[in-house]
Amino acid sequence: MPGQVSSASSPPVISSVQAYVKALLHCHKYPTQAVSGFLIGKRISATSNTNASSPASNSSAAATPTTVLGANAIPNFTANAISATNADGNNVNSSGSSSDEAECIFVADAVPLFHTIIMTDPHPMMTVAYAQVSSYARTKGLVLLGYYIANERTGDTAVCSLTENVLRMLHSRKSGVHEPLLWRIVSTPSGDSVDVRGAYYNSGSSSFTDAPSLTFGRWNSDTLSCETTEPKAAAVEAFENSMDALKQFQLVDFEDHLESVQLNYLDQTVSA
């Protein structure tokens, strides 16, 4: 049945405060309209650590400086545990085959796209947005992880067929290896709070697997690891401070870029 939710286990999701705040600001800039955007970041796997005794793994480890992880570092989610990726962001092991053993998803940034209509695939503008965001992500050493949506009705968690088409496109362009991540951003009936609900989409069964609750952290470029360093309260406070500073009105999405090409919707820093 399309859109059904599975209870199977799925990789945990760590988000940067930047990605969380930017997605919520996009929603609050257009509070009566449906909005959407791409999520970019890193897929982190412990596959290489489990194969540390193999010659290929040893040579890889030798090429990477040894680092000592801090107390907040996530065990095994280190540079030696990140599989090599091809141009589409698929993990590739030493034999050249793809692996879907992502033990952690790190969402580094959110890229706002649409606010006038719910865009779908196939559509020329979605194709252009995908190409631009994928290229931008590669320049940052990131990959396109998924999609976020916020419906126009308060409390609405439904995923329409247009959004499923986008997720199906993301799944197919990753050769079916990685299930795309979906953030559903839902406001409470009182309108005084919002919630981000994560899920992974499998196009083969047209089903969703709930992702664990978001945790917050950052990418440590010294240890090449993802660290859970931020409590949720800090992320919520950063969002509230950004709202107080009216930063939602400074946010640019892909539609704004189409109207004024000098506006940069890809590289934006909005959180403190």
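Thresholds, definitions, all that
Residues numbered from 1 in each chain as written. Predicted model: local features only at pLDDT ≥ 70, side-chain atom pairs only at ≥ 80, totals over all residues. Heavy atoms only, no water. Helix = DSSP H or I, 4+ residues; strand = E, 2+ residues; numbered from the N terminus. Buried < 20%, exposed > 50% of the residue type's maximum accessible area, 1.4 Å probe, protein only. Contact = heavy atoms within 4.5 Å. Areas by Shrake-Rupley, 256 points an atom, 1.4 Å probe, with all protein chains shown as cover. Expected span 1.5 Å × (residues − 1). Axes fitted to C-alpha atoms, helices over the stretch in contact; angles between N-to-C directions. Parallel < 35°, antiparallel > 145°, perpendicular 65-115°, else oblique. Left-handed = near helix turned anticlockwise from the far one by under 90°. Nonpolar A, V, L, I, M, F, W, Y, C, P; charged D, E, K, R; others polar. 1 Å grid on protein atoms, 1.4 Å probe; cavity = no way out; pocket = protein on both sides within 12 Å on 5 of 7 lines; lining within 4 Å. Points joined across faces, edges and corners; volume = space filled by probe spheres on them. Core = buried A, V, L, I, M, F, W, Y, C linked by side-chain atoms within 4.5 Å.

Some points on the overall build of the chain
Move 1: Along the backbone of the chain there are seven helices and 13 strands.
Move 2: Of all 272 residues assigned to the chain, the portion counted as buried reaches 47%.
Move 3: By sequence separation, contacts in the chain at least 24 residues apart represent 77% of the contacts at least 6 residues apart.
Move 4: On the chain, roughly 12500 Å² of surface is accessible, and the fraction owed to carbon and sulfur atoms is 52%.

Remarks on helix H4 (residues 124-139)
Move 1: With 16 residues, H4 extends 23 Å between its outermost C-alpha atoms, agreeing within 8% with the 22 Å of an ideal straight helix rising 1.5 Å per residue.
Move 2: Buried residues belonging to H4 abut strand S3 (35-44), strand S7 (104-114), strand S8 (143-150), helix H5 (161-173) and helix H7 (254-259).
Move 3: Phi for Gly 141, located one or two positions after H4, is positive at around 75°.

Comments concerning the packing of helix H1 (residues 17-29) against helix H6 (residues 232-244)
Move 1: Packing of H1 against H6 leaves a shortest axis separation of 9 Å and a crossing angle of 45°. With respect to H6, the element H1 is oriented oblique. Crossing hand, H1 versus H6: right-handed. Seen from H1, the contacting residues are Val 17, Tyr 20, Val 21, Leu 24, Leu 25 and His 28; seen from H6, they are Lys 232, Ala 235, Val 236, Ala 238, Phe 239, Ser 242 and Met 243.
Move 2: Residue classes in the contact of H1 with H6 are distributed as ten nonpolar, two polar and one charged.

Observations regarding empty space enclosed by the protein
Move 1: Tallied over the full model, the rule gives one cavity of 30 Å³ or more.
Move 2: Taken as a whole, the largest cavity spans an internal volume of roughly 30 Å³.
Move 3: In terms of lining, the largest cavity is formed by Arg 43, Leu 144, Leu 145, Gly 146, Leu 170, Lys 174, His 178 and Pro 180.
Move 4: With three residues, S8 is the single largest residue contributor to the lining of the largest cavity.
Move 5: Considered class by class, the residues forming the lining of the largest cavity number four nonpolar, two polar and two charged.

As for the nonpolar core
Move 1: Of all hydrophobic cores here, the largest spans 35 residues; its most connected members are Phe 38, Leu 113, Val 133, Tyr 147 and Leu 170.
Move 2: Within the residue set of this core, elements represented by two or more residues are S3, S7, H4, S8, H5 and strand S10 (194-202).

Some points on unusual backbone geometry
Move 1: The linkage connecting Asp 121 with the following residue, Pro 122, adopts the cis geometry, with an omega of 5°.
Move 2: By secondary structure assignment, the location of Pro 122 is in the loop between S7 and H4.
Move 3: A positive phi is found at Ser 206, a non-glycine position, where the angle reads about 50°.
Move 4: Within the fold, Ser 206 resides in the loop between S10 and strand S11 (207-210).
Move 5: We classify Ser 206 as buried; its relative accessible area is 16%.
Move 6: The phi torsion at Leu 246 lies on the positive side, around 60°, for a residue other than glycine.
Move 7: Residue classification places Leu 246 among the partly exposed positions, given a relative accessible area of 47%.

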